[in-house]
Amino acid sequence: MSSDKTTGGGATATTGSGDITRSLELLWGTGEPPVRGARGPKRGLTLDRIVTAAVEVADAEGLDAVSMRRLSTELGVGTMSLYRYVPGKAELLDLMLDHVQGALLDPSAPPPRDWRAAVEALARAQTDLYRRHPWLLKVNQARTVLGPSALRGFELALRGLNGMGLSDPEILSVIITVQSFASGIARMEAQAVEAAKETGVSDEEFWTRQGPFLERAMESGDYPLIAGLAEGTFSPDVDHFGFGLRALLAGFEALVTARTSRQGS
């Protein structure tokens, strides 16, 4: 049985840190759940129910709140009943990731009209995914255990980007760049919410307390560029996501145009 904890004290959880073969068997349905003890699995309990419950707990309270004991309470079963379906939290995390990635892109939606629309759709979908499941930002996905949902999302992303005329490694770089941008925006938003929750101090109060010190600093003349910034520069209404996305699209557009011109010459 794998350890029930993959994190501690808010540390980053790492996918692929459990029994990788067992995770793959469960993701792809090639193995039977391990039955322990004389009695069989509880009627009505399924692997999908367990994973769905784990995601719901993580969404509401964070990944640290997910444990086999907590899930047994949520599902109204004995803790050992869960181990008949999944070895432990490390493997459960692999299943949770694939579960939420299944909602990244809609396979029934019509193909994007062009690669620009595909990039925008991917950026918005990825950012929305992190907003719905902020605990994903605390998961080290460097070694993601690839299940059917993860591969389906990758397939859909490639379908929309093939028209860029870039090499396969470059297309992968486009996806990585978009995902990194999305996670950065989502992390900034999530950390603001988390800071207010953990300290009990709102953003408005936090910056109000700093006001007198910042005013003196600006009046000192030591920071002329900061002092000269336009009013509203730090307004929460500024659409940093929209600006960043437009900049990404402009950069990709320049690359595609240069590549097309070179190939046509």
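Residues numbered from 1 in each chain as written. Predicted model: local features only at pLDDT ≥ 70, side-chain atom pairs only at ≥ 80, totals over all residues. Heavy atoms only, no water.

K.L.:
Any chance you could explain the pattern of salt bridges here in plain terms?
P.N.:
Close approach of charged atoms lets side chains of opposite charge pair. For the coordinates displayed, the defined rule picks out 11 salt bridges. Between arginine 22 and glutamate 25 there is a salt bridge whose closest N-O contact spans 2.8 Å. Highlighted residues: arginine 22 and glutamate 25, both in helix 1 (residues 20–28), separated by 3 residues, approximately one helical turn. Notably, a salt bridge pairs arginine 131 with glutamate 189, separated by 2.8 Å at the nearest N-O pair. One end of the pair, arginine 131, is in helix 6 (residues 115–132); the other, glutamate 189, is in helix 8 (residues 168–199), and 58 residues separate them in sequence. According to the relative accessible area criterion, arginine 131 is partly exposed, its value standing at 43%. On the basis of relative accessible area, glutamate 189 is assigned to the partly exposed category, the value being 32%. The network of salt bridges with shared partners includes Glu61, Arg70 and Glu74. (Salt bridge = Lys/Arg side-chain N within 4 Å of Asp/Glu carboxyl O. Helix = DSSP H or I, 4+ residues; strand = E, 2+ residues; numbered from the N terminus. Buried < 20%, exposed > 50% of the residue type's maximum accessible area, 1.4 Å probe, protein only.)

K.L.:
Is there a simple way to think about empty space enclosed by the protein in this case?
P.N.:
Inspection of every chain in the model, using the stated rule, returns 1 cavity of 30 Å³ or more. Its boundaries defined by the atoms lining it, the largest cavity holds a volume of some 30 Å³. Broken down by element, the residue count for the lining of the largest cavity peaks at 4 residues, all from helix 7 (residues 148–161). Here the residues of the lining of the largest cavity are counted per class, giving 4 nonpolar, 4 polar and 1 charged. (1 Å grid on protein atoms, 1.4 Å probe; cavity = no way out; pocket = protein on both sides within 12 Å on 5 of 7 lines; lining within 4 Å. Points joined across faces, edges and corners; volume = space filled by probe spheres on them. Nonpolar A, V, L, I, M, F, W, Y, C, P; charged D, E, K, R; others polar.)

K.L.:
Help me out: how do you make sense of the nonpolar core in this one?
P.N.:
Side chains of a nonpolar character, in soluble globular proteins, are inclined to be buried together. Among the nonpolar cores identified, the biggest contains 60 residues, and Leu63, Val66, Leu71, Leu92, Met96, Trp135 and Met164 are the most heavily contacted of them. Elements represented by at least two residues in this core include exactly helix 1, helix 2 (47–61), helix 3 (68–75), helix 5 (89–101), helix 6, helix 7, helix 8 and helix 11 (240–264). Here this core gets 8 residues from one element, more than from any other, and that element is helix 6. Not counting the four nearest positions on each side in its chain, methionine 164 is found in contact with Trp115, Ile171, Val174, Phe252 and Val256. (Core = buried A, V, L, I, M, F, W, Y, C linked by side-chain atoms within 4.5 Å. Contact = heavy atoms within 4.5 Å.)

K.L.:
For this particular structure, what's the right way to read a nonpolar patch on the surface?
P.N.:
Taken together, the side chains of Ile20, Leu24, Trp28, Leu146, Leu151, Phe154, Leu172 and Ile176 present a nonpolar region at the surface, about 690 Å² in accessible area. Looking at the nonpolar patch, the elements that each hand over two or more residues are helix 1, helix 7 and helix 8. Of the residues forming the nonpolar patch, the biggest block, 3 residues, is contributed by helix 1. Inspection of the secondary structure assignment puts leucine 172 in helix 8. (Patch = residues over 30% accessible without salt bridge, like charges linked within 9 Å, V, L, I, M, F, W, Y side chains within 5 Å. Areas by Shrake-Rupley, 256 points an atom, 1.4 Å probe, with all protein chains shown as cover.)

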